[in-house]
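# Observations on the three-dimensional arrangement
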Amino acid sequence: MDNNNIKKWIEQNADAKTASFAASLVPGLKHKMYGIKLPILSKKAKELVEVIDEIGNDSCEEILLKAYAIGYIKNVDLQIAKVLEFVPEIDNWMVCDSFCSALKNAKKYQQKYWLIVKDKAKSKLDYEQRFAFVMMLKFFCNENYVDQVLEILVRAKPKIWDTKQGLAWAMAECFIRFREKTEPCLSKLLPEIYQLTKRKILDSKRVGSKDKQKLRNKKFGQGESCL
């Protein structure tokens, strides 16, 4: 399937109502949205693994098809090469988070993917940073990496709302899974990130009422030294 046929498939499966709703969730969207639901795109992408380079970037659906297709690549070294090509193209949270979810190989090849993640966390590009934070959330909030994740998160200074949310989301997940390690680190966050993280923790059904009340009573800056 070449790029023209991919574009035709997108046009044939367009849904104006879904497009309008999805676009409303992504302020400042830079590409046309046709409104194809994500599970449909993911299923189609599996057919496009061998022609990834034929997929254009004129619409959100084309970009998402490429993101999902990269996730289906079995050879991890080839996949990582494509990941490095694709990450700079990310320009909104929806593409970022969909892409991260597709990269299930990161769970199996932790060391290889961690090199990418910790590098992108230092990027000056906003959505490369969010990519790093969401990957941490999904694949590296574990015994082997939580200390490194926390060290990066407390030092990060994201600039835009989407990236701040990504960092807070990752920090909240660390708190949920590793409360004793994470709690002292909260006061090391920027005040806005602290408040975002606190809200996510309080909203979580995986945090007990006792821990929530303790967090409610805690004022910013009361934490002990982190790491």
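The structure we're discussing is the one just above.
My aim in this report is to walk through the structure given alongside it, one point at a time.

Procedures and definitions
Residues numbered from 1 in each chain as written. Predicted model: local features only at pLDDT ≥ 70, side-chain atom pairs only at ≥ 80, totals over all residues. Heavy atoms only, no water. Axes fitted to C-alpha atoms, helices over the stretch in contact; angles between N-to-C directions. Helix = DSSP H or I, 4+ residues; strand = E, 2+ residues; numbered from the N terminus. Parallel < 35°, antiparallel > 145°, perpendicular 65-115°, else oblique. Left-handed = near helix turned anticlockwise from the far one by under 90°. Contact = heavy atoms within 4.5 Å. Buried < 20%, exposed > 50% of the residue type's maximum accessible area, 1.4 Å probe, protein only. Nonpolar A, V, L, I, M, F, W, Y, C, P; charged D, E, K, R; others polar.

So, about the packing of helix α3 (residues 38-45) against helix α4 (residues 60-71). Axis separation between α3 and α4 bottoms out at 8 Å; the angle between their running directions is 55°. For the element pair α3 / α4, the angle class is oblique. Handedness of the crossing formed by α3 with α4: right-handed. The segment α3 lies against α4, with Leu-38, Leu-41, Ser-42, Lys-44 and Ala-45 engaging Glu-61, Leu-64, Leu-65, Tyr-68 and Ala-69.

One can find Val-49 in the loop between α3 and α4. With a relative accessible area of 21%, Val-49 lands in the partly exposed category. C-alpha of Val-49 to C-alpha of Lys-74: the two residues are 25 residues apart in sequence and 9.6 Å apart in space. Look past the residues within four positions of Val-49 in its chain and what remains in contact with it is Ala-69, Tyr-72 and Ile-73.

Attention now moves to the packing of helix α6 (residues 93-102) against helix α9 (residues 126-140). In contact at an axis separation of 9 Å, α6 and α9 are set at 40° when each is read in the N-to-C sense. Judged by the angle between their axes, α6 and α9 are oblique. As for how α6 packs across α9, the hand of that crossing is right-handed. Touching Trp-93, Cys-96, Asp-97, Phe-99, Cys-100 and Ser-101 of α6 are Tyr-127, Arg-130, Phe-131, Val-134, Met-135, Lys-138 and Phe-139, all from α9. Along the lines of polarity and charge, the residues of the contact of α6 with α9 split into 9 nonpolar, 1 polar and 3 charged.

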